[in-house]
Amino acid sequence: MNISPVLISIRTSIVSICITFVLGLMVAKAVAAIRRPWIKGLLDGLCTLPMVLPPTVAGFFLLYLFGVKRPIGQFLLDYFGVKIAFSWEATVLAAFVLSFPLMYRSARGALQQVDSSLLDAARTLGRSEMWVFFRVELPLALPGVMSGAVLAFARGLGEFGATAMIAGNIQGRTRTLPLAIYSAVAGGDLESAQDYVLILLGVSLLVVLGMGSLSGNRRSLRRRGEG
Amino acid sequence: MGLGVDIRRKLKGFSLDAAFSIEDGVLGILGASGSGKSMMLRSVAGIDQPTEGRIELSGRVLYDSSRGIHLRPQNRRVGYLFQHYALFPHMTVAENISCALPRDHRRAKVDMLMGRFQLRGLEKRYPSQLSGGQQQRVAVARCVAAEPEALLLDEPFSALDAGMREQMQLELQAMLRDYGGPVVLVTHDQREAYRLCGRLAVFEAGRCIAKGNTKELFTRPGLVQVARLTGCRNISPARPLGGKKLLALDWGVELITDRPVPGDVTAVGIREERWVHAEGLGAVNRFIISYLERFEEMDAHSARVLLSDQPGAASLRVRLPRRTQLPDALCVAPEDVLPLRGEV
C-alpha cells in the first residue's frame, strides 16, 4: 500500500474543513441578517446548490471557472501565478465547495434556533455585537454547528466526483483516498483497495461516534436551557 | 430630564402611534395583547426601529427620524426586563449578572447585587435550576447592574404563577421605589397596573386612547374601551335623560350618577364589585333583582342578575361579600355609575 493518498486526504480534508467551518458560519450569519426575502432566498439557494448537484456536474462547473483558459483560472495565473486546476489546491477547492452546503445549512438552522430575546438582552446590557455572537449566540448554537462541521468533514473526506474532474487523479499529488480506491480496483490491486477502504471505514465510524456524543451534548444543553 | 417618546410605526395592517413622557415613577401601559405595547417598548430600547418620531432620555436623543439618529441598544442606557427574563441558559447566575458589569470591581458588585436581591447561595446555579421568582430576581439584578437611566418592564409577572406573582409584585414595588429613574411597565392586567403604576396610558390598536393618574382613570374611565381594559365588565349602551340621570338600554333601568351627564354619553358602566346589599342605603339606584346564575366562591358570591323584568333586558354581573342569603334588592352608589363615551 502506498501511503501518499492517506497523507493527501488528511491534509485536504483538514484544510478544507477549516475553510468550510469559518466561511459556512460567516455566510450563514450574513444570510440570516438579510431583510429582503428574495435576495435571501436566492443566496440560500446558491449556497445549497452544490449539495443537490451531482458531484461531477459541480466539478464540471469548477473546471469551467478555474480552468487555465477560463476567467478566474486565467486571472489567478496572470496576477498571482497560481494554477488551480490539477493541483493539490484543487482537491481542497472541490472538497470545500461540496461540503460547504452541509456546514452552511446546519449553522443557519442552529443560529436560527437561538432565542433572539437573549441576543437583544445582551445588547441592552451594553455588550458589543462581537460579544453577543461569541458569548451567547455561538455557544447556544454550538451543538448544531458542530454536527454540521462533522458532516461537512465526512463529505469532504469522501469527495470523489468533483475532485476527479478538477484535480485529476495524479499519483502523489491529487490522488486522495477515494480516488486511490478507484484506481487500485481499476488496476486489479484489490489488496491496496482493501487497506484504503478500512482506513476510510475507521474514520467514518469515528465520525458517527462524534455525532452521537454531540447530540448527547445537545440534549443536556437543552435540559439546562429549559429546566 | 425623564423619558419622552413620540413615535409612529407603520406595518402592513397595523400602525403604532405612541406619545408620552415621564419624569420619574412608574408609568403603566395597559392594553390587550396585540395593541402595540411591546413594539413600543422595543422601539424605546432600540431593538425595533420606528418609522418616524423622536425618543429622548435625560436630555439625550436616542432616536430622531428627522435628524437620522438611531442609537444602537448598546448606547441607550435603557434597561429592558423581558417577559420571560431572557437569562442566558448556559451561564450561571453570577455570570449572568456580571455580564452587565464593567470589568473592574466586578466580583464585589456581583456579590452586592446577590445580597440585595436575595440570591445568596445561588451563584453557581443555572437559570433552569431556579424557581420563577428567583429567575425574575436575577433578571432584575442583571438589568439594574448595567445602571440604566430608564427601566422598561415587559409583562414582568406573566410568567409566574398566582402565588409567586403577588410576592414578586411586592418585591418589585420596593425595588422601583429605590430606583430613581423613569420606569415603563407594560401589562394587560388591570390589577397589576393599579397596584404598581402611578400613572397610566391605555393603548388600543396601536394608539394611546387615554392617559392620566391611575386611580382617576379607574374611578372615571370616561371611555368604553378604557372602562373595559380597567376591568369593568358591565357595560350597557345608554342615553342621557338630562341632569344626573341616564337610561341603561340593555338593562332597562334608569340610573343616577353623581355629576350631570354630558350629552355625548353613549354608554354606562358599573363594576361588578360595586353593587351592595340594599339595606341601609336610600332609594337611589335601588333595584329588586332576579338571579339567573350564581357561583359560590371562597370570598364572595358572584352572580348574573336582571335589574328589571322588562322583556329582552340583559343580565349583568355582581360580586357580593359572602353572606348566608343573597339579597332580593341591590343598589349602587351614584359615584359608581360610570357614564362612558365611545362605541360599546
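Look above for the structure.
I will try to describe carefully the structure that is included in this document.

Calculation notes
Residues numbered from 1 in each chain as written. Chains lettered and ligands numbered in written order. Predicted model: local features only at pLDDT ≥ 70, side-chain atom pairs only at ≥ 80, totals over all residues. Buried ≥ 20, exposed ≤ 12 C-beta atoms within 10 Å, placed from the backbone. Helix = DSSP H or I, 4+ residues; strand = E, 2+ residues; numbered from the N terminus. Pairing = 2+ DSSP bridges. Axes fitted to C-alpha atoms, helices over the stretch in contact; angles between N-to-C directions. Contact = placed C-beta atoms within 7 Å. Nonpolar A, V, L, I, M, F, W, Y, C, P; charged D, E, K, R; others polar. Parallel < 35°, antiparallel > 145°, perpendicular 65-115°, else oblique. Left-handed = near helix turned anticlockwise from the far one by under 90°.

**So, helix 6 (residues 116-124) of chain A**
Among all positions of helix 6 of chain A, only Leu118(A), Asp120(A), Ala121(A), Ala122(A), Arg123(A) and Thr124(A) are buried. Residue Gly126(A) follows helix 6 of chain A closely and has a positive phi angle near 95 degrees.

**Describing the pairing of strand 4 (residues 52-57) of chain B**
All names here are of chain B. For strand 1 (residues 3-11) and strand 4, the ladder comprises six bridges, and the chain directions are antiparallel. Across the sheet, the residue bridging to Leu3 is Leu57, located in strand 4. With four bridges joining them, strand 4 and strand 5 (residues 60-64) adopt antiparallel strand pairing. Bridge pairing in strand 5 links Glu56 to Val61. Taken together, strand 4 and the strand that follows it, strand 5, pair antiparallel across an intervening segment of two residues, in which Ser58 is found at a positive phi of about 45 degrees.

**A closer look at the sheet that holds strand 20 (residues 316-321) of chain B**
Residue and element names in this part refer to chain B. With respect to topology, three strands assemble into an open sheet ordered 18-19-20, the strand pairing being antiparallel. Of all strands in the sheet, those bounded by a partner on one side alone are strand 18 (290-296) and strand 20. Averaged over neighbouring strand pairs, the angle between their axes works out to 25 degrees when direction is ignored. Alignment of strand 19 (residues 300-306) against strand 20, held across six bridges, turns out to be antiparallel. Along strand 20, the bridge assignment pairs Ala300 with Pro321.

**Examining the pairing of strand 13 (residues 245-248) of chain B**
Residues and elements named next belong to chain B. Here strand 13 shows a buried face lined by Leu246 and Ala248 and an unburied face lined by Lys245 and Leu247. Across three bridges, the pairing between strand 12 (residues 234-240) and strand 13 is antiparallel. Bridge pairing in strand 13 places Arg239 opposite Leu247. The turn joining strand 12 and strand 13, which pair antiparallel and follow one another in sequence, is formed by four residues; a positive phi near 90 degrees is taken by Gly242.

**Points about the interface of chain B and chain A**
Contact residues are listed per partner, giving 19 residues for chain B and 19 residues for chain A. The leading source of residues in the side of chain B that touches chain A is strand 7 (residues 78-81) of chain B, at three residues. By residue class, the composition of the side of chain B that touches chain A is 13 nonpolar, five polar and one charged.

**Remarks on the sheet that holds strand 21 (residues 329-331) of chain B**
All names here are of chain B. Pairing within the open sheet is antiparallel, and its three strands lie in the order 16-21-17. Every interior strand has two partners, whereas the edge strands, strand 16 (276-277) and strand 17 (286-288), have only one. For strand 17 and strand 21, the ladder comprises three bridges, and the chain directions are antiparallel. Bridge pairing in strand 21 places Ile288 opposite Ala329.

**Some words on the packing of helix 5 (residues 88-113) of chain A against helix 7 (residues 129-158) of chain A**
Residue and element names in this part refer to chain A. Interaxial distance between helix 5 and helix 7 falls to 8 Å at its minimum, and their mutual angle equals 160 degrees. The angle between helix 5 and helix 7 falls in the class roughly antiparallel. Along this stretch, helix 5 crosses helix 7, giving a crossing that reads as right-handed. Each of Ala95, Leu98, Ser99, Leu102, Met103, Ser106, Ala107, Gly109, Ala110, Leu111 and Gln113 in helix 5 lies in contact with helix 7, whose residues at this interface are Glu137, Ala141, Gly144, Val145, Ser147, Gly148, Ala149, Leu151, Ala152, Arg155 and Gly156. Residue classes in the contact of helix 5 with helix 7 are distributed as twelve nonpolar, eight polar and two charged.

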